[in-house]
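Commentary on secondary and tertiary structure
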Amino acid sequence: RFHFEDVFLPLGISFYTFELISYSVDAYKGLFKPVKRLRDFFFYVSFFPHLVAGPIVRPMDLIPQIYQRLRISKDDMGNAVFLLVSGLFKKAVISDYISSNFVDRIFENPTLYSGVENLLAVYAYTLQIYCDFSGYTDMAMGIALLIGFRLPNNFNSPYQSASLTEFWRRWHISLSTWLRDYLYIPLGGNRVSKFRQAINLMITMLLGGLWHGASWKFVFWGAIHGVWLVLEKIFKSFYKAPPGILRKVLGIIITFHIVSFCWIFFRASSFESAWQIVSQIIYNFNGTLLIPVLTTYNEVFLLIIAGYILHFSPGSMDLYVQERIIDSPLVFKSFLVAIIIWIVIQTKSAEVQPFIYFQF
């Protein structure tokens, strides 16, 4: 008897499916000149650095580079080393360590832990998924640079967003712009009535949730994002908040917690398990356990704190480090990569932690 559950799908099938749609639609619209050779088409679809977890690359971004002379400058080499080191540290050190030593334990059996432990696991997973996914993107961009190709950036410090609208301009940029250009705008986008805009936005986010998996928890994840985006649009049409540091900080705090709440349903093994986590946080918080938990998992939370500090650091700091690496001699670049590899070996768990977005 045939079961759909027994069908094995290739890694990252949704990513190159989206790229095939982009190629077909953009070629039909005349936005770029289609390739003449079949091997060039296969090169675009199967370009290995970003193949299994993005970013989703549009044909206009990659195909013209196929016909350019490959050239790797000193700046490209320095940027590649920076991206590889950054990606390795975020994925193999921060994400994998807090996942195997804290997050997985709580999410697998949320009722065995107090509300404070569940809440800390939510904050930890919020950082984990960012470090995991953006770490892959950094490495993909770094590897592509080493062979002479440039991929678009996929993340821009998303947890620094002061609204959910801004969050989706900073998080998984290639997916959010793809959904905007090939789904939201064809449905009518902002050119229709306010009510129809809200419907279009909800359809887009619900399908964005389904893209992550045929499960009610992903539908609910997309629905929460959709509802909040609609509420933001309605609020902005009636009231324009005055600019100021207090408003921005408050907006960042609110947005961060909305996104963190949504990640519960994204990570939980089932819809029921997600509500168990929420229930534990609300009804069994037990804040007296905070210090014992932080003490028990001190290494985990030191990494979490370090990860959030790095994420919320000014962009100028990243640029400064990047410039110093570019200007450094090749020996220093090699030493830096060796140090990161040594740290990865020291912190790695017994089991290999796959990239979260490999399943999509």
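Look a little higher up for the structure.
So, here's what we can say about the structure. (Residues numbered from 1 in each chain as written. Predicted model: local features only at pLDDT ≥ 70, side-chain atom pairs only at ≥ 80, totals over all residues. Heavy atoms only, no water.)

Structural notes on the pattern of salt bridges
Taken as a whole and judged by the stated rule, the model has ten salt bridges. Ionic pairing is found between Lys90 and Asp138, a salt bridge with its closest N-O pair at 2.8 Å. In this pair, Lys90 is assigned in helix 4 (residues 74-108) and Asp138 in helix 5 (residues 115-146), connecting sequence segments 48 residues apart. A salt bridge links Asp96 to Lys91; the shortest N-O distance between them is 2.8 Å. Overall, Asp96 belongs to the buried group, its relative accessible area being 14%. With relative accessibility at 5%, the residue Lys91 sits in the buried group. (Salt bridge = Lys/Arg side-chain N within 4 Å of Asp/Glu carboxyl O. Helix = DSSP H or I, 4+ residues; strand = E, 2+ residues; numbered from the N terminus. Buried < 20%, exposed > 50% of the residue type's maximum accessible area, 1.4 Å probe, protein only.)

Examining the packing of helix 1 (residues 13-29) against helix 7 (residues 173-184)
Packing of helix 1 against helix 7 brings their axes to within 12 Å, and their N-to-C directions diverge by 40 degrees. In this view, helix 1 runs oblique relative to helix 7, as classed from their interaxial angle. Pair helix 1 / helix 7 crosses with left-handed handedness. Of the residues in helix 7, those touching helix 1 at Phe18, Ile21, Ser22, Val25 and Asp26 are Leu175, Trp178 and Tyr182. Residue composition of the contact of helix 1 with helix 7, grouped by class: six nonpolar, one polar and one charged. (Axes fitted to C-alpha atoms, helices over the stretch in contact; angles between N-to-C directions. Parallel < 35°, antiparallel > 145°, perpendicular 65-115°, else oblique. Left-handed = near helix turned anticlockwise from the far one by under 90°. Contact = heavy atoms within 4.5 Å. Nonpolar A, V, L, I, M, F, W, Y, C, P; charged D, E, K, R; others polar.)

Observations regarding the packing of aromatic side chains
By convention here, two paired aromatic rings are described through the distance between centres and the angle between planes. A complete count under the given rule lists 40 aromatic pairs for this structure. For the pair Phe18 and Trp211, a centre-to-centre distance of 5.7 Å together with 35 degrees between the ring planes defines the contact as tilted. With Phe18 in helix 1 and Trp211 in helix 8 (residues 194-211), the pair connects residues that are 193 residues apart, well separated along the chain. With a relative accessible area of 14%, Trp211 lands in the buried category. Between the aromatic rings of Phe261 and Phe265, the centroid separation amounts to 5.4 Å while the plane-to-plane angle is 70 degrees, which identifies the pairing as edge-to-face. In this pair, Phe261 and Phe265 both sit in helix 10 (residues 245-267), four residues apart, roughly one turn of the helix. The exposure class of Phe261 is partly exposed, given its relative accessible area of 30%. The ring of Phe218 has Lys217 sitting right over it, with the charged end atom 4.2 Å from the ring centre. The ring of Tyr320 carries Arg324 above its face, with NZ or CZ at 4.8 Å from the centroid. (Phe/Tyr/Trp six-rings, centres within 6.5 Å; stacked < 30°, edge-to-face > 60°. Lys NZ or Arg CZ within 6 Å of the ring centre and 35° of its normal.)

Here's the deal with helix 1
Each full turn of the α-helix corresponds to 3.6 residues, which orients residues three or four apart in the same direction. In this model, helix 1 (17 residues) spans 24 Å end to end at C-alpha, consistent with the 24 Å of a helix rising 1.5 Å per residue. Regarding helix 1, the residues found buried are Ser14, Phe15, Tyr16, Phe18, Glu19, Ser22, Tyr23 and Asp26. Turning to helix 1, the residues buried within the fold contact helix 2 (38-46), helix 3 (59-66), helix 5, helix 7 and helix 8. Directly after helix 1, the chain includes Gly30, whose backbone phi takes a positive value near 75 degrees. (Expected span 1.5 Å × (residues − 1).)

Quick word on a positive patch on the surface
Taken together, the side chains of Arg169, Lys194, Lys233, Lys236, Arg247 and Lys248 make up a positively charged region of the molecular surface. Those elements giving two or more residues to the positive patch turn out to be helix 9 (216-238) and helix 10. Structurally, Lys233 can be placed in helix 9. (Patch = residues over 30% accessible without salt bridge, like charges linked within 9 Å, V, L, I, M, F, W, Y side chains within 5 Å. Areas by Shrake-Rupley, 256 points an atom, 1.4 Å probe, with all protein chains shown as cover. Lys, Arg positive; Asp, Glu negative; His and termini not counted. Charge placed at Lys NZ, Arg CZ, Asp CG, Glu CD.)

Concerning the nonpolar core
Judged by nonpolar contacts, the single largest core of 93 residues is most densely connected at Phe102, Tyr159, Phe167, Trp168, Trp171, Trp263 and Ile304. No other element matches helix 5, which puts 16 residues into this core. Those residues in contact with Trp168, other than ones at most four positions away along the chain, are Ser176, Met205, Trp221, His225 and Leu229. (Core = buried A, V, L, I, M, F, W, Y, C linked by side-chain atoms within 4.5 Å.)

What is shown is where atoms sit, not what they do.
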